[in-house]
Structures are given as structure tokens and as C-alpha cells.
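# Structural overview
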Amino acid sequence: MAIDVRPKVGAQAKVPTGGGTRLKRPRPYREWLTSYVFLIPAIIVIGGFTFVAMGVALFLSFFKYDLFTLQWNDIHNYIKAVGNADFHKAMLNVVYYMLVVVTLQTILALTIALVLDRIMAGRGVFRTVYYLPAITSSVVMGLIFSWLFTPGGWVGTAVGGVFPGLRNFGWLLDPGTALPAIMTTTIWSTAATFMIVFVSGLQDIPAQLYEAARIDGAVGWRSLWNITLPLLRPTIFLVTVLGTIGTLQVFDQVYVMTNGGPLKSTLTPVFLIYTEAFRDYSVGLACAEAFILFLIIFTFTLIQRRFIDTTIEY
Amino acid sequence: MATAVAMGKTPARGLAIRQILLYVGLILFGVLTLSPFILSILGAFKSTVEIGAYPPTFLPQVWHPDNFIQVWKLFPLFPRWFLNSLGLSVTVMVLNVLFCAMAGYAFSRLEFPGRNILFLAVLATLMIPLQVTMVPKFIMLARLHLVNTYPAVILPNVSTAAGIFLMTQFMKAIPKELEEAARIDGAGKFTTFWRVILPLSVPAMTALAIFSFQGQWNDFLWPLIVLTSPHLWTLPLGLAGFSTEYVSNTNWVLVGSIFTTIPMAILVFVFQRYIVKSVATTGGK
Amino acid sequence: MRRLRFGLMLGVASTMLLAACGGGGTSNQAFDPTTITGTVRLSGWTSSPSEDKLLTDQVAAFEAKYPKIKVAYEPVPQDFTTKLKAQMAAGTEPDVFYVELGEAAGFMQKKVLLDLRPYMAKTSTNASDFAGPLLGAFKQGDGIYGIPKDFNTLALFYNKDMFKAAGVSEPTKDWTWQDLQTAAKKLTTGSVYGLMTPPDVARWAPFVYQNGGQVVSSDFSKSMLTDPATIEATKFYTSFQKDGSGTYPAKLGAGIGWAGDALAKGRAAMVMEGGWLIPFMGNYPAINWGAVELPRGKSQGNLFFTVGYSISARTKVPDASWLLLNYLTSLENQKVVLNSGFALPTRVALKDDPFFSAHPASAAIFSGYAYAKPFSWGIHTGKVNDAVNAALERILLGKQSVEDSLKQADKEVNDALAG
């Protein structure tokens, strides 16, 4: 997601207003044609695989389709989706997951960025170390953490040091702890990315501001509270939006670590749609659920984006 | 740094203590971050029996470097998956950067009817999550007989809205005069794009290249849907399959995980500087 | 289900053991196999590299016999059926592929499999050479859409040393539920559990049959989960975990993914598995194990599992595909299956093979077949299995009573069966 937080580059250029200077164009049609030639790949890919695909999904959501036979199904897929207990469960799970992961990863990333901003030397080394999880594939992450969370594994041993009863606890086998275990895995790997976003956000805050504040006697917590955080607000919003979009699409960890179980406690919408479409071949139902989900996310993002647009520039 | 200056008022000793505390905190967090990796690497050297030992051992009692050879030998598809991952990642990276740059050029420097609407349409796709399009995309590719081929993985990923947005924003900031000079020299749009705009856009292209590569290297869901034959699989897909086959050999699964992670880790070390910069500008996606 | 699949995957290796062995029936005059050409794509699931090698060897032998036919083998380690269906939707499915018993009905209904009768006639392959119930799984109307390559039932595998140490006499085929329960309790010590009772429909269903119950009605039209006999069997199956003498494999920690691991690593005294466990235990010579028929309740009860080879209805090389299929299911190959222990032959000619008297574990699995029911509930098998597995999980996790949980599953199964 490229939302340029630091409008150094092209800051003056608002989104699609375009080219500025108007020179004499002897043959505008030619430039039009050239433009479309430049856009052909993008139009084919984005047009085909997003807009046409959306149309196909909408079409299929009114049919019973198992990849072999197509049968008109009116709005029954939507009725079924709205009443589908698994769909409700998946929505609840993902909202819970999103709230916890976005909150914790943002706080964690911000805290580390603030600490990194205050040390004298060695910033690069720490940054690299912290960044390693971010480049690790989610499948690898899932496999490693499945092993760590296994009964009698490392997490059990660590926690068992304090609560001996939990030594052989199956974190991924209990409906109460499976999703939190996946949350931990995710936070471990994504916090670093956002930490770097915060670090650069911090560097953009002009040093004179701190200097001025220091003269006014604002140091330490007060400077953090009065200068750093308010000026970091756009970055915080960015991190929140990116985190929200990312968490709503969680799939890999679920596939690798729990397969949606135990008792559907880690079932997420993407996982549900995947299984319905590609394992059960209820393609129409899966499309209907995807559309409902899309409408929810769309509304949600519009609201969030409104916030971003008004705060992104400082 | 700015705040370090701000704290100049604090007495030197207080500053030193504070610094020490900060470093202790950072190191602790570093240990926490690295421990899953360290435990995995040590685990990869353990025997099948020891990996299931309770309580777990920290250092292997007997080191088994042969685990690495065993996995490589028992599973000849690993090198194949590695090459698939590499090939797909490089292809997607090159095409995505090129196509996004082309689109960015059109949106930022050229005038044509429908430009604003098209640009908004591109931006709007940022809000359309994969779960809505994955099923129809699969069906469309199936109709085109492209399921279970490399193009099925490549095609949908070679013009991303985020990339186009990044390139457009960047190119808008390139001074018009440079382009004008080229035009006076008689260069056409294509020459201008290739000779003037592209070389000036290297920073943005690097950022986009790194993310395209990383995104493709680690992608799981889409290849899982469209690649059905194991010889076409990428490393994450192969690894997931491998782990269900060898449930009893956690040590081997860890070996496979290390194989998958090392190439990206090397890349990060080599391109560290660029990566940090590009995460900062794009938010890591 | 995942464990079962793993077991089945192991079972599959059977047909691939050893190369050589010719034999695809005798050819009649109208059909000359040596003139047939083409490339046949073959796909199945696989569980180990050695298994891959076995089939590649087998394929090489086939190619040597029919030099004009090439075989492209595509083994899939994970989600085989999902991937097969995806390929069918894209029109790119292999020519010859495995079909699991539970999937056969659905495939036949969608008419994606080739009717093999005309081809069987060409090579004089007789349907009656194969065990009726096994072949029956791949029949619809008069059509034959697959040839069973091997089969399995469940047996009670146990650790002899643990029985000795606990002073419990080893199980026999006359064991009752009571015997099983008493032994499981006595064998549970320290980190060892008496019996593995995973939330898996394929381990639970035999108890339902032993109690005179049913999973779904015989015509697959309605759920029988709230039948008193089914409820009673479920109570018994879940009682082991309740009294601490049973648990499921994943709860035992790292490196234990299925019941076989638990037996092999000395964490369980008894497990219910099929022939796939026999070669697996060969990797763990320290464990002294035996196997007998499952205990009986009101009657004996068991499940049988089978995998067939089918040919895509859209294949462009039906004759070459059939030759390969016929070769892989020939009598010679089935002997190899039997001698490996992995699984049992589907050809009736081998039912009195001297191998059985020398190998009691395989004999026990074979005996189970006499009263076993197919592990399939018609075209909605997948959904029924999901519902039952979830119900068992709810009970074993203590979230619901047996009655409530089965009541919920009953509704889900009825919904699924109604389509």
C-alpha cells in the first residue's frame, strides 16, 4: 500500500491533478494514443483481474456453481451467507484479531522507534535485527511458532517456569488460546515494518521544534506528549490503516498453524471463503460472502481514509 | 537524534544511565526477536528424537549437520522450488516495475481524456481485498487454461495499484524542464520516458522492486490456489506441503524453513539501506 | 481426517513397491497394446520420497514394457483432492489419478470419470476378479469408473512391552469394550496414555457400528447421529479422554502428528490404525508391537478404506491410460502390495495367500473386512465428516455434552445431505 507519508517527493502535487504546465500540443491525438499505449499493461491487469473479476464474482454470487454446473440461485446465496454461523464466527474472530493486533503492533512499533530515536549509536544494527522477522515468509513463521507453541515446547517451558500447570498446555489446541497464539506470531513479524515507518516519521520532525520546546522547558515526557505524538499523528494513522487492511486478510498463519480450528476459533473470512470455494466448491456462496465482506471493508476504509486525508499533511 | 539534543540539559550521568537503560531494553527486545530464529536453527541440528524431547534441550546433545543434506537429498524438489520462487519473483519484480513506471509516466506527465477517472479507478482497487477477487480470478484463469502455469502467478501481479501510485507521485516531482530539453532535442515520448524519466526514477523503482520481490517470494495464498503440480510450486508452498508430510520430523521442517529464509535474509543484508528507505516511504507493502 | 489421509497416503505406496512385474491381462485380437502411443499424466498423493521412487520405478518398468507410451508422474503431497478438482475445473486434470472412496460418488455424479467397461473388455480384465464391495464404490448404474488398487481396515495396534510391564494380558480378537477400557486405564502411567482417541470420524465410526448404530441412514438421506446407539457409542469413545486414559496425538507435543507417532515414540500403549502403520513401525525397531482385530461391542464393527485408479472422462489417450491403470492393478502388482504390509490386495484371487498366516497384523486387518462398512456417506461425505469431527472435538474439549454436540451435528449433517 503506497500512501506516501512523507510528502517530500511530489508534496505539492495532489493526487490526480496531473501535469501542470500546458504547452502547445500540435497533435493532441497522438499524445492521447501514446498515453494509452503506456497504460495498456496496467489496464489489462488491473481492469481484467480486478474490475472484470469483481463483475464475475457478482454474477456468480447469484448462482449455484461447483465449477462444473451453473444454476440460477436468486439471492439464496446471500440469504445463506447472512445466516451462516461460520461466517459470523469468522467475522467476530477477525475483528477480535484486528483490534488486538493493530493496537499492540502499533504501540510496540512506536515504543521501539522512540527508543531507537534516543540512542547515541548502533541504530542500524538494531534496526536490521528487528527487521528480520518482517522478511520471513508467513509460512515459515507459522511453522516455527507452531513448533514453539506445541505442548511441552518452548513457550510451554517458558510459561511453565512461572505456572507449572501450563507446561504441557496445547496453546494451539485450545479454542481460547489458539487465536491469541496466532496474534503473537503476527505481531512478532509485523511490528518491525511499522517500527521503520515510525523511525522515519520521527526523523521528519524538525529539530528546531524540539529546540524551541526545550527553551520553553518542555523536555522528556512533556516533549513526547506535546510535540512528538501530535506531529506523528499522520504516521500513526497510516500504520493503523495498513495494519487494519493487513489483518482483515489474514490467511497464511491460519492455514499453517490451525486450519481454522480448534472449534473454528481461528476461522477467518479469507480462510472460510478459501475453503468454501476451493474445498467444498460452493463457489456462489463464497462469492456472496466475499461481496458482503467487501462492502463492510469498503465502508470501513472510506471512514478511515477520510481521517487520513484530513491529517496527512502537516 | 533530535531528542538526544533536546535532552542536552540533563546532567551527563543521568544521561549515561538513561542510555544504558535504553540499550538494555533494546537488547532484550532483540533477544526476543531473534530467539525463534536461534531456537529453530539449533532445532534443525537436533535428531528426530531430541527435537521431541521434553523438556526441550537448548543446545543439541549431538549435532546433526547431516539433517541439511538429508532434506536436500530426500526431497529433490527443494532446489526446484527455490528456482521457481526465484524465477517468479524476478519476473514479477521486473514486469511490475516496468509496467508501473509506464503507467506512472502516463498519469504524471501526459494529458489524455479520462486520465483522472482512470487514476481514481486504479486507486479504488487498493480498497478491494484479495478475498473478493480470488475466486473469479481463478475461474477466469481456468477458462484461459492458465491454471497450473507460471503465468497464472505472474499475470495478476504485474501492475499493482500501490506501485502505480508510488511511481506517479514520484514522477510528478521531476522538474518539467528536463523533459522539455529532451523534447527540443527531438525526442519522442518513448525516448523521453526511457532516457530521461526512468533514470531519474531509480529511487522509487528500487523501492518498488524490493517490495515486488519480497511480496512474491513470500506469497502463499495465490500460488496455493493456482499451482496444483508440485514441480511448479514455490518455496512457501513446497514447505507447507513438506511439513504435513513430515509431521514426525520437526527437525527437517526447521531445516526447510531455514532454506526458505536464508535467501531473503541475504538480500536484506545486501540491500539494507534501500529497504529501510523504501519501507519508510511505502509502509512496507 | 488429516491423519487418516496421512495413513491413506502411506497405504498408497503399496502398489508402487518394487519395479518389474509385467502383466496387464491378455490382449485380444482387436486390440494390440504394442501399437498404442501417447503421453499419460499420472497423479496421486505421496507421503515420502521413497514412495516417489517406488512409483517412478514402477512407471519405468511400464515404459520399458510399452516403449511407445510415456508417463508423466505428478505426485502431490498435500490437499490432493482440492488440487485435482481445481485441475478438473480448468480442464487440465491428469489422465490417470487416485480417487479416494469418499470422493468417488461425487466424481461419478459430475461425470468426470471415464467408464472403464469398454477398455476392460479390450484387455479381458474381469470385474469379478475384484472384491465386490470395493469395486462397488466405483460403480454407478452399470458403469465402472475406477479400479480399487488396495484397501485397508482398522486394527488395534499395541505395545507388547507396556502390556507386560502393566501386567495386563495382551488383547485378543475376542476383546470387549469393557476389556479395552480396563486395559487403557491400567496402561496409563506417567507420560504414556492407554489409547489414542482423536476427534476423527474414521476412528469413532467403528464404535458406532459395534454398538449397532449408524452414522447416516443406508440411503444417505438422513443423519443417524441422535440415534441412542450412536450416542452411547460416542459416550464410550470419548470416555477415555474423560477418565484420563486417552487423548489425541497433537496434545503429546512436538514430532507427534498422528497416532502412529504416539505408538512409535512410546507415548501410547494402544492405537487404532490400518496397514499403513506396519511399514512405518519398521523405522522404530525398539518398539515391540502387535495387532489384533478391533474389540467388539454388541457386535463386531469396522470401516474399510480404499483408493482406486480412475481415468479422466476427457482424456485424449484413453487406451494408453487404461494400459497403465491395468498394469498398476495387475495380479503381480497386488502381490507386491500384500507383501509390503502397507495395504491389502483388492483381487479376490489373493484372499487365501499364505502371506496372511505368517503376518498376523495383516491377517487381523483382513479379517476386519468381513464385517467392515465403507468409509463413505455418498456425495456429501466431506461435509458429513466435517460435522462429525467438529462434534467430537467439542466433546473432547469439554465444550458440550455428547447429546448437545451430536444434536448440533445432526442438524448440520441433515442440511448437508439435503444439498
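Given the structure is predicted, the values throughout are model-derived calculations rather than measurements.

Between chain C and chain A, the contact holds 22 residues from the first and 19 residues from the second. Both sides of the chain C and chain A interface together cover about 1,700 Å² of buried area, and 60% of this is carbon and sulfur. Counting the surface chain C buries against chain A, the share from its top three residues, Thr82, Lys85 and Lys110 of chain C, is 24%. Of the charged contacts in the structure, one is a salt bridge between Arg279 of chain A and Asp79 of chain C, with a shortest N-O distance of 3.7 Å. Here chain C is connected to chain A by four residue pairs in polar contact (both at pLDDT 80 or more). Counting residues per element, the ones that place at least two in the side of chain C that touches chain A are α3 (80–90) and α17 (381–396) of chain C. Its residues assigned to classes, the side of chain C that touches chain A shows nine nonpolar, four polar and nine charged.

A separate point is the packing of aromatic side chains. For the structure shown, the criterion picks out 68 aromatic pairs over all chains. Judged by centre distance (6.2 Å) and plane angle (80°), the rings of Tyr255 of chain A and Tyr274 of chain A are edge-to-face. Of this pair, Tyr255 of chain A sits in helix α10 (residues 252–257) while Tyr274 of chain A sits in helix α11 (residues 269–278), and the two are 19 residues apart along the sequence. Residue Tyr255 of chain A is classed as buried on the basis of its relative accessible area, which comes to 7%. One aromatic cluster is present, formed by Phe45, Trp63, Phe68, Trp72, Phe78, Trp81, Trp233, Phe242, Tyr246, Trp252 and Phe259 of chain B through successive ring pairs. In this arrangement the basic side chain of Lys137 of chain B is found over the ring face of Trp222 of chain B, its NZ or CZ atom lying 4.8 Å from the centre. Over the ring of Tyr209 of chain C we find Lys373 of chain C; its NZ or CZ atom is 4.6 Å from the centre of that ring.

Moving on: the nonpolar core. In this structure, Met195 of chain A, Phe138 of chain B together with Leu42, Trp204, Met270 and Trp377 of chain C are the most contacted members of the largest nonpolar core, which totals 319 residues. For this core, the element with the highest residue contribution is helix α3 (residues 85–118) of chain A, accounting for 15 residues. Here Met270 of chain C is in contact with Leu156, Phe157, Tyr158, Phe163, Trp175, Leu180, Ala183, Ala184, Leu187, Gly194, Leu195 and Met196 of chain C, once residues within four sequence places are set aside.

Our focus in this paragraph is the side chain of Glu393 of chain C. On the secondary structure map, Glu393 of chain C appears in helix α17. There is no salt bridge for the buried Glu393 of chain C, and the closest opposite charge comes from Arg394 of chain C, which lies 7.6 Å off by N-O distance. Beyond its immediate chain neighbours, meaning those up to four positions away, Glu393 of chain C contacts Pro262 and Leu263 of chain A together with Pro199 of chain C.

Let us look at the interface of chain B and chain A. Across the boundary between the two partners, chain B contributes 117 residues, which contact 116 residues of chain A. Looking only at chain B, the three residues that lose the most surface to chain A are Glu111, Met127 and Gln131 of chain B, adding up to 7% of its buried area. Linking chain B with chain A are one salt bridge. For Lys189 of chain B, the salt bridge goes to Glu31 of chain A, with nearest N and O atoms at 3.8 Å. A per-element tally of the side of chain B that touches chain A places helix α2 (residues 12–44) of chain B first, with 16 residues. The residue inventory of the side of chain B that touches chain A, partitioned by class, reads 78 nonpolar, 27 polar and 12 charged.

It is worth spelling out the pairing of strand β10 (residues 268–273) of chain C at this point. All names here are of chain C. Buried residues dominate β10, accounting for six of its six residues. Looking at chain direction, strand β7 (residues 155–159) and β10 are connected through four bridges and run antiparallel. Bridging across to β10, Leu156 finds its partner in Met272.

A surface patch of nonpolar side chains, amounting to about 480 Å² of accessible area, comprises Leu33, Val37, Ile40 and Ile44 of chain A together with Phe190 of chain B. Per-element accounting of the nonpolar patch gives the leading share, four residues, to helix α1 (residues 28–60) of chain A. Locating Leu33 of chain A in the fold gives a position in helix α1.

Residue and element names in this part refer to chain C. Structurally, the position occupied by Ser376 is in the loop between β13 (372–374) and α17. A polar atom in the side chain of Ser376 sits 3.4 Å from the backbone nitrogen of Gly378. Filtering out sequence-adjacent residues up to four positions away, Ser376 remains in contact with Leu101, Gly102, Phe220 and Thr381.

Here chain C averages 86 in pLDDT, and 91% of its residues register 70 or above. Every residue in residues 1–29 of chain C scores below 50 in pLDDT, and together they form 105 contacts with partners more than four places removed in sequence or on other chains.

Residues and elements named next belong to chain C. With domains assigned, chain C is organised as domain 1 (2–153 + 305–370) and domain 2 (155–301 + 378–417). Computed from C-alpha coordinates alone, the two centres of domain 1 and domain 2 are separated by 29 Å. Contacts between the two partners involve 23 residues from domain 1, matched on the other side by 20 residues from domain 2. Here domain 1 packs against domain 2, burying approximately 1,600 Å² in sum over the two surfaces, 73% of which is carbon and sulfur. For the interface between domain 1 and domain 2, the tally reads zero salt bridges. Linking domain 1 to domain 2 there are two residue pairs in polar contact (both at pLDDT 80 or more). Among the secondary structure elements, those contributing two or more residues to the side of domain 1 that touches domain 2 are α1 (2–12), α4 (101–110), β6 (147–153) and α16 (360–368). Per-element tally for the side of domain 1 that touches domain 2: the top contributor is α1, with seven residues. For the side of domain 1 that touches domain 2, the per-class residue count stands at 11 nonpolar, 11 polar and one charged.

Definitions and limits used
Residues numbered from 1 in each chain as written. Chains lettered and ligands numbered in written order. Predicted model: local features only at pLDDT ≥ 70, side-chain atom pairs only at ≥ 80, totals over all residues. Heavy atoms only, no water. Contact = heavy atoms within 4.5 Å. Buried area = accessible area lost by both parts, 1.4 Å probe. Salt bridge = Lys/Arg side-chain N within 4 Å of Asp/Glu carboxyl O. Polar contact = N/O pair within 3.5 Å; in protein donor to acceptor, adjacent residues only side chain to side chain. Helix = DSSP H or I, 4+ residues; strand = E, 2+ residues; numbered from the N terminus. Nonpolar A, V, L, I, M, F, W, Y, C, P; charged D, E, K, R; others polar. Phe/Tyr/Trp six-rings, centres within 6.5 Å; stacked < 30°, edge-to-face > 60°. Buried < 20%, exposed > 50% of the residue type's maximum accessible area, 1.4 Å probe, protein only. Lys NZ or Arg CZ within 6 Å of the ring centre and 35° of its normal. Core = buried A, V, L, I, M, F, W, Y, C linked by side-chain atoms within 4.5 Å. Lys, Arg positive; Asp, Glu negative; His and termini not counted. Pairing = 2+ DSSP bridges. Patch = residues over 30% accessible without salt bridge, like charges linked within 9 Å, V, L, I, M, F, W, Y side chains within 5 Å. Areas by Shrake-Rupley, 256 points an atom, 1.4 Å probe, with all protein chains shown as cover. pLDDT = per-residue confidence, 0-100. Domains from an automatic or database assignment.

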